[in-house]
Structure formats: C-alpha cells, structure tokens
Amino acid sequence: MTGARALAAWTGPALAAAVVAGITAGTAVAPVLLLSAALAPLVALLQPARAPAAPHAVTLALTAVVAALLLWAHVALLADTATLLGAGRAQAVVLALALALLVGLVPGAGRWCAVVGGLGGVALLLVLVDAAATVGVAPWTAWREAAARPAVVFGARSPWVRDGERLVRGATLAFDEGHRVVAVTRGTLRVVEADGARRVVRDWRLAAGDAVSLRPADTLVAEAGSRLRFEPGKRVPGAAASGSAWADAATRAPLAQVVGLAVTLLLGAVALVPAGGRRAAAAPAIVLVFALGTAAWGVYAAVVAPESGLAGSPAEALLAPARSATPGGELSPGALTIVVVVGLLALFVAAAGALRDRVAETGGRRWPEAWMTAVIAAGLAGLVDVVDPWTPLAAGLGVAAAALAAPRLAGADGAWIGPWPAAAVGGLVGVAVFAAVAALGAGLPAPLAVLRDLPALAAAPAAWVIVKVLRREAGETR
C-alpha cells in the first residue's frame, strides 16, 4: 500500500479546513490540532499489521457510522464552500453524493482515488505558492507581521468590505467600537444595545442597501444567509484583540482540552490509517507537506483576510488566499478559487475511496449496502446548514477512537466475549458511552466539562477496559 493510499482517509478536506481555520482565527487549540493532525497518522502507521477479522454485522455497522460521520463533515465543508461562492448548497451535496457513490461502484477505486487526491494536493499547493507571492514574504515572516498588528481590522480589499459576504450560519457579533453595518440583501437584524446595566433589544427589518449603526458594546444577531458589508479599518467583531493575542493562542488552551483533542485524533488515526509497509515509506513526507501546507495557509489567510471565520465556516479561511489574490497576477482570483474547489473535490474523492476501503475490509460481501447507506445518510445530513463541519468530524474521529481503535488496542482481534466477538462488544460499549456522554454532557460538573466536546476521552477507556476484563481467547471453547 502506498503512502498516499494509506493516508487518504486522514488528509480529507474537513480536517485540512479545521487546521487552517484554527490557525487563521488564533484559537487556543490550533497548535495542538496541527501537531496532532501531523503526528497521529505517523503513529498509526507503526501499528502492527493484523489479519482481516471475520465479517460481523456489528463491526460493519460501527464502521459505516464512522464513515457516515466523516463523509458528513467533508460534504458539509463542500456545501459551505458552494454557499460562500453563491451556489446552491443542495447542488454541492448532490455532486458530492455522486462522487462518493461512484467510488463505491468502480473496481479498484482505492488506487486511483489516491492518485486523484495527490493531484488535488498539488493543485492546492499551487494556490499556496500564489498566496506567498501575493503576501511577498515567507510564512514565518508573515506570522511575525500578523503577530505585530496592533489590532485585527477589515482590510480595504476584503470581500466583507467590497461587496459584502454571506453568513453560512447564524452569528452573534459583539462590537468593541462604533460600526456601520450594511445589509446587502433584504433581511432582519437584531441589535442588543448596551444601555448601562440594561440591555435593549431591537429588531431592524432592512431592505437591500439599508444600514444599522452600532455602538461599542452592542451585539448584532444575524440569521444564516444574511449578506452584510462592514467598514474598512474597523475591528473585526469576534476576532483576537490584537496580533499578539492571536499569536499567544498556544498558551490559552486548557490542559484537559489539549489531552482530549490529542487522544481523539490519535486513536481516530489508529482506526482509519492502516499499518504501513515498505511501500508507505513516502507517508512521512506526505504528512509533513500536509502539516506545513495547512500551517502556512492559515498564516497567509490571517494576513490577507483576518476576518475569515465571520461566515461561520472553515471554508472561508480556505478560500481567503485565492479570493484576496492580486487581480493583475498570472491567475485571477476567480481562477485560483476554481483551483481551490477542484483541489477540495479531489481530496474528498480520495477520502471517500479510503473510507470505502475501511467499510469493505470490515463487511465482507455485505459492504456495498453499508457503504451506500453511509453515503446517503451523509448527504442528507449535509443539507442541514446549522451544523458546522467540525462537529461531525470530531464525532466521527471520536466514535472511531472509542468503537474501533480502543477494542483493537485491548486485544479484541481473535478474542470472544461469550458468543460475541470482543471487537463487537467493545465497539458497542464504546459507542454507547460516547452517545451517553454527548447527550448528557450539559449536566456534567465543571471538572468534566471537556467531555462534552470530546466524549472519546471517556468512551475509549470504557471500551478498552470492557475488552481487557471480559475477553477470552478464540482458542477457548465458546
């Protein structure tokens, strides 16, 4: 198995977008997300090769659930991209569904999907090179310049300033200074005015071109689909207060959240990335390019479009370098945007092919039905625009960690618990604990708050323990 094929399920568009958007916004977990995304698949490649397990309905269902969640994340990202570009969300979902179903029908899809993914990566690297030429400095210099900004403000060439931009999801924006916001399209904006200790709520029904003025400490609530225009030179609402605050993100992440995110990504990679062989020797280079490329992309996006993230989707940060390119360059912003879209579609095809392989390895002759069910479920979920791509991505990696990786690490392969394979029992316990923590997380005490967002931190140990305690070797009498 080549390195590209082994890593195709990992280097999907949703994970790349999450890393880029985290760096662009200066989120507290951005450094650990980048490091985990780079190191987790390399650790997974070192796991010992294992013989294919006998097909079982439970393990097939669990693998299909993981595939559906990860496909949902990728489809949601593609749909968000289409929305930001003015296309229909449904059309993007239908295109993604068609590509994923085609992957399941073509013999030997895994091999050519990896090639397609590699070509998509090359296309995205071309856009990154153009972004470097536009900014005119190396990524580390761009990082220093971004960190030296006294304030994070809208640039004169920002799409939010020129023509206005769409909100993919509803947003609540808090303003630190006076601002005049123009509604590019007709809609209703809610303004929560600060009047001393009181809060006054006003709903403004605006026609296209109407504006609303906000004072410092006011809050603007806009619904999904609203298209707004902001003033150049004003602070970006919700962004870091300054460049130094953006650069200090690594010092603000709680330890529990860092550990939970690292564990989720590491075990998720163990479940998705197969053991490496001699033909996977190029995998470290691929991961290095992925890590450095996403890091540089996030830094350049922070320089040219620090407002990326207002729309409520990581797709905005991915599109920012292309849309901010110099109009007189060799490739126009429109052409570069097309290259980005093609690259994301190629990464999606590669990820779909690798996930299809995981389902096929688990399900024996029954895998086509499971794959089709996963694809259709992901497509239907992708039509729901209120869920951002990170939510199903984190859920998919968490379920993979708890239901697939943890039982395997506990020695479930070839072991039984009563009449059931240990992998199936451990997987059911892992997914049950994961679902319970996710559903009841709001009631957890403060010290366990990290489990609300990263339930795998509780579900994976539960699955590991149940297999360790109850399993018996396959050679014993059943």
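Look above for the structure.
Computed from a predicted structure; not experimentally measured. (Residues numbered from 1 in each chain as written. Predicted model: local features only at pLDDT ≥ 70, side-chain atom pairs only at ≥ 80, totals over all residues. Heavy atoms only, no water.)

**Notes on the sheet that holds strand β5 (residues 198-206)**
What counts, and what does not: One requirement defines pairing of two strands: DSSP has to find at least two bridges between them. The helix count covers DSSP runs of H or I at least four residues long, the strand count covers runs of E at least two residues long, and both are numbered beginning at the N terminus. Axes here refer to lines fitted to C-alpha atoms; in helices the fit is confined to the stretch in contact. Angles between the N-to-C directions go from 0 to 180 degrees.
With antiparallel pairing, four strands are arranged side by side in an open sheet as β2-β7-β4-β5. At either margin of the open sheet sits one strand with a lone partner, and together these are β2 (171-174) and β5. On average, adjacent strands in this sheet sit at an angle of 20° to one another, irrespective of strand direction. Bridge analysis of β2 against strand β7 (residues 219-222) gives four bridges, and the strand direction is antiparallel. When the sheet's bridge partners are listed, Ala 171 is paired in β7 with Ala 222.

**A closer look at unusual backbone geometry**
Of note in this structure, Ala 217 is not a glycine but carries a positive phi near 80°. Within the element layout of this structure, Ala 217 appears in the loop between β6 (211-214) and β7.

**Notes on helix α2 (residues 13-25)**
For clarity, the cut-off: Working rule for helices: expected span equals 1.5 Å times residues minus one. Exposure classes here rest on a 1.4 Å probe applied to the protein chains alone. A residue is buried below 20% of its type maximum, exposed above 50%, and partly exposed in between.
For α2, which comprises 13 residues, the first-to-last C-alpha distance of 18 Å matches the rise-based estimate of 18 Å (1.5 Å per residue) to within 8%. The buried fraction of α2 is high, at eleven of 13 residues. Taken together, the buried positions of α2 are Pro 13, Ala 14, Leu 15, Ala 16, Ala 17, Ala 18, Val 19, Val 20, Gly 22, Ile 23 and Thr 24. The first or second residue beyond α2 is Gly 26, which carries a positive phi of 70°.

**Here we look at the pairing of strand β3 (residues 179-183)**
Among the five residues that make up β3, four are buried, leaving the element largely enclosed by the rest of the structure. Of the strand pairs in this sheet, β3 and β6 are connected by four bridges, and their pairing is antiparallel. Along β6, the bridge assignment pairs Val 181 with Val 212. Examined bridge by bridge, β3 and strand β8 (residues 227-229) share two bridges and lie antiparallel to one another. Within β8, the position partnered with Val 182 by the bridge is Arg 229.

**What to know about the pattern of salt bridges**
Quick note on the threshold: By convention in these notes, a salt bridge is any Lys or Arg side-chain nitrogen within 4 Å of a carboxyl oxygen on Asp or Glu.
Per the stated rule, a full pass over the model turns up nine salt bridges. Between Asp 80 and Arg 169 there is a salt bridge whose closest N-O contact spans 2.9 Å. Of this pair, Asp 80 sits in helix α4 (residues 57-84) while Arg 169 sits in the loop between β1 (165-166) and β2, placing them 89 residues apart in sequence. Accessibility classification places Asp 80 together with Arg 169 in one group, the buried group. Notably, a salt bridge pairs Glu 361 with Arg 358, separated by 3.1 Å at the nearest N-O pair.

**Let's talk about the packing of aromatic side chains**
To be explicit about the condition: Ring pairs shown here join Phe, Tyr and Trp side chains whose ring centres sit within 6.5 Å, with only the six-membered ring taken for Trp; geometry is labelled stacked below 30 degrees between planes, edge-to-face above 60, and tilted in between.
Counting across every chain of the model gives three aromatic pairs. With 6.2 Å between their ring centres and 45° between their planes, Trp 143 and Trp 246 make a pair best called tilted. Of the two residues, Trp 143 sits in helix α7 (residues 139-147) while Trp 246 sits in helix α9 (residues 243-247), which places them 103 residues apart along the sequence. Relative accessible area serves as the criterion here: at 37%, Trp 143 is assigned to the partly exposed category. We classify Trp 246 as buried; its relative accessible area is 5%. Seen in terms of ring centroids, Phe 154 and Phe 230 are 4.9 Å apart; in terms of plane orientation they differ by 10°. Their pairing is stacked. Taken together, the residues Phe 154 in the loop between α7 and α8 (159-162) and Phe 230 in the loop between β8 and α9 connect sequence positions 76 residues apart.

**Section: the environment of Thr 251**
Tracing the backbone through its elements, the reader meets Thr 251 in the loop between α9 and α10 (255-272). By relative accessible area, Thr 251 is classed as exposed at 65%.

**Thoughts on the packing of helix α12 (residues 315-323) against helix α13 (residues 333-363)**
Selection rule: Handedness of a helix crossing follows the sense of rotation of the near helix relative to the far helix, less than a right angle counterclockwise being left-handed and clockwise being right-handed. We call two residues in contact when some of their heavy atoms are within 4.5 Å.
Remark: α12 packs on α13, axes separated minimally by 8 Å, with the N-to-C direction vectors making an angle of 145°. Judged by the twist between their axes, the crossing of α12 over α13 is right-handed. Residues Leu 318, Leu 319, Ala 322 and Arg 323 of α12 form the contact with α13, whose own contacting residues are Pro 333, Leu 336, Thr 337, Val 340 and Leu 344.

**Description of a nonpolar patch on the surface**
Condition: What makes a patch is a set of residues exposed beyond 30% relative accessible area and free of salt bridges, joined within 9 Å when like-charged and within 5 Å when nonpolar (Val, Leu, Ile, Met, Phe, Trp, Tyr). For accessible areas, the Shrake-Rupley method is used with a probe of radius 1.4 Å. Any residue's cover is judged against the shown protein chains and nothing else.
Residues Leu 409, Trp 464, Val 465, Val 469 and Leu 470 make up a contiguous nonpolar surface patch of roughly 470 Å² in combined accessible area. Among the elements that line the nonpolar patch, the one with the most residues is helix α18 (residues 456-470), at four residues. Relative to the assigned elements, Val 469 resides in helix α18. Assessed through its relative accessible area of 61%, Val 469 is described here as exposed.

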